[in-house]
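# Tertiary structure, described
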Amino acid sequence: MGSGAVEGGMKFVKYLMIAFNLLFFISGIALIAIGAWVYMEYQKYSDAVQADFMAVAILFIIVGCIIFGIAFFACCGAIKENNCMIMTYSVLLAVIFICELGGGIAAYVFRDDVRMQLTNSLTNTIKYYDHNDTEDAVTKTMDLIQTDFKCCGAMNYTDWDLNSYYKNNQDVPDSCCKENMADCGAGQRANATDINEKGCAEGMEIWFLDNIVLIGGVGVGVAFIQIVGVILACCLGRAIRGEYEVV
């Protein structure tokens, strides 16, 4: 009777753990997909902007890949009722949880530095912007940023005075214009009637932080799943040991 109860309890936990790991498997795919999407979005502007938040996206891609493998490992351990594999699985989950926690803390710490990093990067990019070479990587990326975020300069349009070409006139790049047309930026630092006056650092900061919130939200959800996984693994391991003791 006692043996049957232990065996029945173990089977219940075993199948529950297998079902749970299917969810865990899907969460790994979600981490990879979202981390990759955020990384690719950052990559579009990488020639003009350097930010430590790309490392957070990469961390979540790596964690997602590891989760992918661990979920399969856990299912094998549950099906074979191998206590060693189950305990290894719970330890690996705990390690991943610590890595995610570290990534979350890093993102939280860096959030206050986003504006400063963006301003410094964009200011440096403005200095190297080449008005005469529209195919230059830095120039193309800065134009893309100003077009996408409807902005001009780092803090505002007057930052273009830092560029060796634009400091000799009152022009700004055409990508600063509300409607991008040839030579629309000519003389606009004098009156700024047809250009976006706000700087790009502000808009990009909001964009960066929104993406970090997205990654963080997914991370919290996965972390919750991992905690449940550790509990289930410990319960299954205990049930397996209990069956051996009864036998």
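## A few points about the state of the cysteines
Applying the stated criterion across every chain yields a total of three disulfides. Two residues share a disulfide in this structure: C152 and C176, whose sulfurs sit 2.1 Å from each other. Disulfide C152-C176: the torsion about the S-S bond is 80 degrees, which places it as right-handed. In this pair, C152 sits in the loop between α5 (137-148) and α6 (188-191) while C176 sits in the loop between α5 and α6, placing the two residues 24 residues apart along the sequence. Judged by its relative accessible area of 0%, C176 falls in the buried class.

## A closer look at the layout of surface pockets
Estimated volume of the second largest pocket: approximately 230 Å³. Taken together, 16 residues form the lining of the second largest pocket, with Y129, H131, Y166, P173 and D174 sitting closest to its centre. Of the residues belonging to the lining of the second largest pocket, the class tally is six nonpolar, five polar and five charged.

## Some points on helix α4 (residues 114-128)
Three or four residues apart is the spacing at which side chains of an α-helix point the same way, because the helix has 3.6 residues per turn. A rise of 1.5 Å per residue sets the reference length of α4, with its 15 residues, at 21 Å; its end C-alpha atoms lie 21 Å apart and thus fit the reference within 8%. Within α4, burial applies to V114, Q117, L118, T119, S121, L122, T125 and I126.

## Focus: unusual backbone geometry
Phi angles above zero are rare outside glycine, and D183 is one such case at about 60 degrees. Mapped onto the elements of the fold, D183 is located in the loop between α5 and α6. Overall, D183 belongs to the exposed group, its relative accessible area being 62%. With phi around 55 degrees, A192 is a residue other than glycine that occupies positive phi space. If you trace the backbone, A192 turns up in the loop between α6 and α7 (200-246).

## Some points on the pattern of salt bridges
Taken as a whole and assessed by the stated rule, the structure comprises four salt bridges. R115 is the partner of E205 in a salt bridge, and the nearest nitrogen-oxygen pair spans 2.7 Å. One end of the pair, E205, is in helix α7; the other, R115, is in helix α4, and 90 residues separate them in sequence. Under the relative-accessibility criterion, R115 is labelled partly exposed at 32%. Between R189 and D161 there is a salt bridge, and its shortest N-O distance comes to 3.5 Å. Of this pair, R189 sits in helix α6 while D161 sits in the loop between α5 and α6, and the two are 28 residues apart along the sequence.

## A few points about the confidence of the model for the protein chain
Overall, the predicted model of the protein chain reaches an average pLDDT of 81, with 88% of residues at or above 70. Predicted confidence for residues 1-6 stays below pLDDT 50, and this span has five contacts to residues more than four positions away or in other chains.

## Re a nonpolar patch on the surface
Nonpolar side chains collect at one region of the surface, where W37, M40 and L214 lie side by side and expose about 300 Å² of accessible area between them. For M40, the location among the structural elements is in helix α1 (residues 2-43).

## Some details on the side chain of D171
By the element assignment, D171 lies in the loop between α5 and α6. Despite its burial, D171 pairs with no opposite charge; the closest candidate is R189, at 6.7 Å N-O. In this structure the side chain of D171 is engaged in a polar contact, spanning 2.6 Å, whose partner is the backbone nitrogen of G187.

## Let's talk about the packing of aromatic side chains
Within the structure shown, the criterion is met by ten aromatic pairs. Taken together through their ring pairs, the aromatic side chains of Y42, Y45, F149, W207 and F208 make up a single cluster.

Analysis parameters
The numbers attached to residues start from 1 for each chain and follow its sequence in the written order. Note on the predicted model: pLDDT of at least 70 is required for a residue's local features to be given, and 80 or more for side-chain atom pairs to be given and counted; whole-chain, interface and lining totals, by contrast, use all residues. Think of the side-chain values as coming from all heavy atoms in the structure, minus any hydrogens and water. Defined by distance alone, a disulfide is two cysteine sulfur atoms within 2.5 Å. Under the scheme used here, helices are H or I runs from DSSP no shorter than 4 residues and strands are E runs no shorter than 2 residues, and both carry numbers assigned from the N terminus. We call a residue buried when its accessible area falls under 20% of the maximum for its residue type, exposed when it is over 50%, and partly exposed in between, using a 1.4 Å probe and counting protein chains only. Each cavity reported here is a set of points on a 1 Å grid over the protein atoms alone in which a 1.4 Å probe fits but cannot get out, each pocket an open set with protein on both sides within 12 Å along at least five of seven lines, and each lining residue one with an atom within 4 Å of a point. Grid points are joined across faces, edges and corners, and a volume is the space filled by probe spheres set on the points. Just so you know the grouping, Ala, Val, Leu, Ile, Met, Phe, Trp, Tyr, Cys and Pro go in nonpolar, Asp, Glu, Lys and Arg go in charged, and all remaining residues, Gly too, go in polar. Each helix should span, by expectation, one fewer than its residue count multiplied by 1.5 Å. Salt bridges are counted wherever a side-chain nitrogen of Lys or Arg sits within 4 Å of a carboxyl oxygen of Asp or Glu. As a per-residue quantity, pLDDT reports the predictor's confidence and falls between 0 and 100. Contact definition: two residues touch when any of their heavy atoms are within 4.5 Å. The patch calculation keeps residues exceeding 30% relative accessible area without a salt bridge and links them within 9 Å when they carry like charges or within 5 Å when they are nonpolar (Val, Leu, Ile, Met, Phe, Trp, Tyr). Per-residue accessibility takes into account occlusion by the displayed protein chains alone, with areas from the Shrake-Rupley method and a 1.4 Å probe. Here the positive residues are Lys and Arg and the negative ones are Asp and Glu; neither His nor the chain ends is included. Polar contact criterion, stated in full: a pair of N or O atoms within 3.5 Å, where within protein one must be able to donate a hydrogen and the other to accept it, and residues adjacent in sequence count only if both atoms are side-chain atoms. Between the rings of Phe, Tyr and Trp (Trp by its six-membered ring), a pair exists once the centres lie within 6.5 Å; its type follows the angle of the planes, with under 30 degrees stacked, over 60 edge-to-face, and the other angles tilted.

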